[in-house]
Amino acid sequence: MTTLTEIIINLAESNAEVVFFGKDTDFALKQKDIFKLVRGNAELFSASGVKPRDRVLIRMHNDLESIVSFLALILIGAIPMSVKPGNIADKLYREYIDRIVDGFDVSYIYGEEPLTSYPTRILTCRPTAMGTDASVEWMPSPEQIAFVQFSSGSTSEPKPIAISHGAVCNNLRAILTV
């Protein structure tokens, strides 16, 4: 496998379980059920107008909805731009978000509330969406960007780091062979 999209699609074949540790309860889901949620939300995002190469700002929380949404965006070829959750009431955080949205031509923001004064559309996850439409899947080349993450910002403002599909796959192969 050479792209993250191929890895996501292969989840559909697996009966292995993934355990999620939540605030209130721990639970397990089969990988193929996670894939159905990913595809269902990919269908939802695609129907909302998200296209391959669209940049989508996503504040990554450590929860099933964020993970499903992140993978769904990759599945349809959008580029998730993953930022650390912050206090949206904090003026500096909102200015930081504005700079990302403006500087990277972000069209969509994943989440419940508007984070910026710039014109963007809001996407939300449906935790019960189970998809079946394979036509929403987009097959990138290994060199294409899978997602953008931002550095911690410990020495200055966080900087964007584009991660290609091939780089993610190489890292996963290295991890799995250890």
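Before reading further, recall that the structure is shown in the block above.
Conventions and cut-offs
- Residues numbered from 1 in each chain as written.
- Predicted model: local features only at pLDDT ≥ 70, side-chain atom pairs only at ≥ 80, totals over all residues.
- Heavy atoms only, no water.
- Helix = DSSP H or I, 4+ residues; strand = E, 2+ residues; numbered from the N terminus.
- Buried < 20%, exposed > 50% of the residue type's maximum accessible area, 1.4 Å probe, protein only.
- Polar contact = N/O pair within 3.5 Å; in protein donor to acceptor, adjacent residues only side chain to side chain.
- Pairing = 2+ DSSP bridges.
- Axes fitted to C-alpha atoms, helices over the stretch in contact; angles between N-to-C directions.
- Contact = heavy atoms within 4.5 Å.
- Right-handed = clockwise from strand over helix to strand, strands pointing away.

Regarding the environment of D90
Next, step 1: Within the secondary structure, D90 sits in the loop between β4 (79–83) and α4 (91–103).
Next, step 2: When its relative accessible area of 34% is taken as the criterion, D90 is described as partly exposed.
Next, step 3: A polar atom in the side chain of D90 sits 3.3 Å from the backbone nitrogen of L92.

As for the sheet that holds strand β3 (residues 55–59)
Working definition: the strands of a sheet are paired by backbone hydrogen bonds and lie parallel or antiparallel to each other.
Next, step 1: With mixed pairing, six strands are arranged side by side in an open sheet as β6-β5-β3-β4-β7-β8. In the strand order of this sheet, the two ends are held by β6 (121–123) and β8 (160–164), each with one partner. Sheet twist, expressed as the mean angle between neighbouring strand axes with direction ignored, is 25°.
Next, step 2: Pairing of strand β7 (residues 145–150) with β8, which is carried by five bridges, proceeds in the antiparallel orientation. Of the residues in β8, the one forming a bridge with F147 is I163.
Next, step 3: Each of β3, β4, β5 (108–110), β6 and β7 touches helix α3 (residues 64–75); the most contacted strand, β3, lies at about 165° to it.

Quick word on the pairing of β4
Two faces belong to every sheet, and in a regular strand the side chains alternate between them.
Next, step 1: By the criterion of burial, β4 is predominantly enclosed, with five of the five residues buried.
Next, step 2: Judged by which residues are buried, β4 turns out to be covered on both faces: I79, M81 and V83 on one side and P80 and S82 on the other are all buried.
Next, step 3: The pairing of β3 with β4 spans five bridges and is classified as parallel. The residue of β4 that forms the bridge with R55 is I79.
Next, step 4: Taken together, β3, α3 and β4 form a β-α-β motif whose crossover is right-handed.

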